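Coordinate inspection notes
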Amino acid sequence: MLEYPEPTKGASLILAFRPTRVLVLGSGPLAASRAFSALEADSEVHILAHGGLDSACEEIKWRASRSQVKVSDWSSNGGDTQETTALESFLDVTPGISLACITDTAIHPHRRSRESCERIYRILKARNIQVNTTDIPELCDFTFTSTHRFSDPTTSKASPLQLGVTTNGQGCRLASRLRRDIVSKVPPHATLAVSNIGKLRSLAKDKASESKGKGQLHVEDDGTDEIEEDSAVSTPNRPVPSRSTSETAVESARRRMKWVAQVSEYWPLTKLSSLTEAEMNELLEGEVPETPLTQSLMGISALSIHSLPSSNRGRIFLVGSGPGHPSLLTQATHTILTRLADLVLSDKLVPDAVLALIPKSVEVRIAKKFPGNAEGAQMEMMEAAIEAANRGLTVVRVRLPPSPFIPLIAPNLWSPLCVIFSSNKETQSYTVALAKKFSTSAHTDLSPSSSQE
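Residues numbered from 1 in each chain as written. Predicted model: local features only at pLDDT ≥ 70, side-chain atom pairs only at ≥ 80, totals over all residues. Heavy atoms only, no water.

**Thoughts on the overall build of the protein chain**
In plain terms, the rule: Helix and strand assignments follow DSSP, with helices taken as H or I runs no shorter than four residues and strands as E runs no shorter than two, numbered in order from the N terminus. Residue contacts are defined here by distance: any two heavy atoms, one from each residue, within 4.5 Å place the two residues in contact. The accessible surface values rely on the Shrake-Rupley method and a 1.4 Å probe; as for residues, cover is taken only from the protein chains in view.
For the protein chain, the count of helices and strands is 15 helices and 13 strands. A sequence separation of at least 24 residues applies to 64% of the contacts in the protein chain between residues at least 6 apart. If you sum the accessible surface of the protein chain, you get close to 25,100 Å²; carbon and sulfur atoms cover 52% of it.

Next comes the structure, spelled out in structure tokens:
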């Protein structure tokens, strides 16, 4: 019988939650902070405060003047009993509150006692309202993480990307410090990548909905569980059948959902941040070649077997991305990527730091080696390389270790145009693929001495 991890208690269930209505008790700076967090979650915010708006802090007054929050006077001359009655009356006429924050436990002049907090807590819990009570952990059903919301670098507006850190009560100050450290390491284009993945998911959902509207796709087969990656399995690499030219609507929907997960998991953030809508549609549709690659290559050259290649013919370099850090690339690979490349064809797992070396003017394509499409993606990349080389371009195919490349790429198809660089010592650092139809004698100006391990 399979064994599964034992749960280790003491953690928190961290949710991305959007409550409809939130109640804040108190009107100081902390209450304003809780109100702002709720507003960013599209919640309707109600504030109960002694003295009403007159005793509220400046931020709450400002938000109330713009109708962002609703402030009610909770003053009472009859002590705790009348205060409790007033709270219950308010809850009776304001249904739908799901979260409440008691914030006036650490401020003067209206500092709330523990006994008062306990009474309020019981009233709220009797109505199934979850409660956070400042500085009293025993009266908290939830806590707040130390949160940062990233801005879109192109518009300076708030983006969908948020980060939350919690130490589960062990140190709020430390959580804030860790949050700042993490935020400083997130690249600016990450927000654009998030937005583009959101658009890609929406496109995939729309295509699935279109199929359902045509009666081709049953609701239970629309692949929503694949799009909602938070509720899916922990890896997007479950085996799936290879694609075929007779793909059904259900198979197409499932493929799109799977591919969205793969792109999210593996493509470099720089590539995700620059995706256009046309590229998204192309990615989701992904044509399947109807003929084998060997047939499609038959007509790429008008040269006879005895002819030499023309002077305007391009080159194809096959290079390894090394252990991961750009400084560990061979000198030859670094030179090819930074100075010679016109088109770069990259595997999806090549590190972003390596691709960042490529000049912005060079086109970079990421292999669509998603489940069920590995063979089709490989043919697509090979055809793209040969087509570009026949136009006189220098093409660089970047792969992850382990090398050697030759057993992986059908050398009889690549060899007419290839110069192969490998970081694997068993195949040496420099190998020229022997041409079976064409001479490659004039295809490279790099020598083994220019490559360093």
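**Re the sheet that holds strand S5 (residues 130-133)**
Spelled out, the test is: Here a strand pair is declared whenever DSSP counts at least two bridges between the two strands. Every axis in this analysis is a line fitted to C-alpha atoms, fitted for helices over the stretch in contact. Angles between the N-to-C directions lie between 0 and 180 degrees.
Taken in spatial order, the five strands make up an open sheet running S3-S2-S1-S4-S5, and their pairing is parallel. Edge positions in the open sheet fall to strand S3 (69-73) and S5, since each of these has one partner strand only. Taking the axes of each pair of neighbouring strands and ignoring which way they run, one obtains an average angle of 20 degrees across the sheet. Relative to strand S2 (residues 44-49), strand S1 (residues 21-25) is paired through five bridges, and the arrangement is parallel. When the sheet's bridge partners are listed, Leu25 is paired in S2 with Leu48. Each of S1, strand S4 (97-102) and S5 is contacted by helix H4 (residues 114-126), which is oriented at about 160 degrees to S5, the strand it contacts most.

**Focus on the packing of aromatic side chains**
Using the following cut-off: Two aromatic rings from Phe, Tyr or Trp, using only the six-membered ring of Trp, form a pair when their centres are within 6.5 Å; if the ring planes differ by under 30 degrees the pair is stacked, by over 60 it is edge-to-face, and anything between is tilted.
Following the criterion strictly, the structure yields one aromatic pair and no others. Taken together, a centroid distance of 5.5 Å and an interplanar angle of 70 degrees make the contact between Phe142 and Phe144 edge-to-face.

**Points about the pattern of salt bridges**
Threshold: Any carboxyl oxygen of Asp or Glu within 4 Å of a side-chain nitrogen of Lys or Arg constitutes a salt bridge here. Burial here depends on accessible area, computed with a 1.4 Å probe over protein chains only, as a share of the maximum for the residue type. Under 20% is buried, over 50% is exposed, and the range in between is partly exposed.
Summed over all chains, the structure comprises 19 salt bridges. Asp104 is paired through a salt bridge with Arg112; the nearest N and O atoms lie 3.0 Å apart. The partner of Lys271 in a salt bridge is Glu279, and the shortest N-O contact between them spans 3.9 Å. Overall, the relative accessible area of 14% leaves Lys271 in the buried class. For Glu279, a relative accessible area of 29% corresponds to the partly exposed category. Three or more residues are tied together by salt bridges with common partners; here these are Arg21, Glu44 and Lys70.

**A few points about the environment of Ala38**
Within the secondary structure, Ala38 is located in helix H1 (residues 29-40). Along the chain, Ala38 and Leu23 lie 15 residues apart, while their C-alpha atoms are 9.5 Å from each other. In this structure Ala38 touches Val22, Ser43 and Val45, once residues within four positions along its chain are discounted.

**Concerning the packing of helix H8 (residues 249-266) against helix H10 (residues 277-285)**
Note the threshold: Here the word oblique covers every angle except those under 35 degrees (roughly parallel), over 145 (roughly antiparallel) and from 65 to 115 (roughly perpendicular). We call Asp, Glu, Lys and Arg charged. Ala, Val, Leu, Ile, Met, Phe, Trp, Tyr, Cys and Pro are nonpolar, and the rest, Gly among them, are polar.
Contact geometry for H8 and H10: axes closest at 9 Å, N-to-C directions at 125 degrees. As judged from the angle between their axes, H8 and H10 are oblique. Across the interface between the two elements, Arg255, Arg256, Trp259, Val260 and Val263 from H8 touch Leu283, Leu284 and Glu285 from H10. Of the residues belonging to the contact of H8 with H10, the class tally is five nonpolar, no polar and three charged.

**Observations regarding a nonpolar patch on the surface**
Here is the rule we go by: Without a salt bridge and with relative accessible area above 30%, a residue can belong to a patch; like charges are then joined within 9 Å and nonpolar side chains (Val, Leu, Ile, Met, Phe, Trp, Tyr) within 5 Å.
Side chains of Leu13, Leu15 and Phe17 sit close together on the surface and give an oily, nonpolar patch of about 390 Å² of accessible area. Structurally, Phe17 can be placed in the segment before S1. A relative accessible area of 48% places Phe17 in the partly exposed class.

**Section: the packing of H1 against helix H2 (residues 58-65)**
Rule in force here: Take the far helix as the reference: if the near one is turned anticlockwise from it by less than a right angle, the crossing is left-handed, and if turned clockwise, right-handed.
Contact pair H1 / H2: the axes reach a minimum separation of 8 Å and the direction vectors enclose 40 degrees. Between H1 and H2, the interaxial angle falls into the category oblique. Crossing handedness for the pair H1 and H2: left-handed. Across the interface between the two elements, Ala31, Ala32, Phe36 and Leu39 of H1 pack against Glu59, Ile60 and Arg63 of H2.

**Details of the nonpolar core**
Stated formally: The set of buried Ala, Val, Leu, Ile, Met, Phe, Trp, Tyr and Cys residues whose side-chain atoms join them within 4.5 Å is what this entry labels a nonpolar core.
Judged by nonpolar contacts, the single largest core of 32 residues is most densely connected at Val263, Trp267, Leu337, Val344 and Val396. Contributing elements (two or more residues each) for this core: helix H6 (190-213), H8, H10, strand S8 (315-320), helix H12 (331-340), helix H13 (352-355) and strand S11 (394-399). In this view, Val263 contacts Ile197, Leu200, Leu272, Leu283 and Phe370; residues no more than four positions away in its chain are not counted. Core analysis: the second largest hydrophobic core is formed by 19 residues, Leu87, Ala100, Ile123 and Leu124 among them.

**What about the side chain of Ser146?**
This is how the line gets drawn: Between N or O atoms, a polar contact is any pair within 3.5 Å; within protein, one atom must be a potential hydrogen donor and the other a potential acceptor, and residues adjacent in sequence are included only when both atoms are from side chains.
Tracing the sequence through the fold places Ser146 in strand S6 (residues 146-151). When its relative accessible area of 11% is taken as the criterion, Ser146 is described as buried. Within the local environment of Ser146, its side chain forms a polar contact with the side chain of Arg179, the two groups lying 3.0 Å apart. With near-sequence residues (within four places) excluded, Ser146 lies in contact with Leu163, Gly164, Val165, Ala175, Ser176 and Arg179.

**Examining the state of the cysteines**
For clarity, the cut-off: Note on disulfides: each one is a pair of cysteine sulfur atoms within 2.5 Å.
Following the criterion strictly, the structure yields zero disulfides and no others. The thiol sulfur of Cys101 is not disulfide-bonded, and the nearest other cysteine sulfur, from Cys140, lies at 9.3 Å.

**Looking at the pairing of S11**
With respect to burial, S11 is a largely interior element, six of its six residues being buried. Sheet topology places S8 next to S11; six bridges connect them, and they run parallel. The residue of S11 that forms the bridge with Phe317 is Val396. Two strands pair when backbone bridges link them, and strand S9 (residues 343-346) and S11 are joined in this way by four bridges, in the parallel orientation. Counted as the bridge partner of Leu345 is Arg397 from S11.

**Some details on the side chain of Ser273**
Within the fold, Ser273 resides in helix H9 (residues 269-273). Looking at Ser273, its side chain comes within polar contact range of the main-chain oxygen of Thr270, at 2.8 Å. The residues touching Ser273, leaving out its near neighbours within four places in the chain, are His189, Leu192, Ala193 and Asn196.

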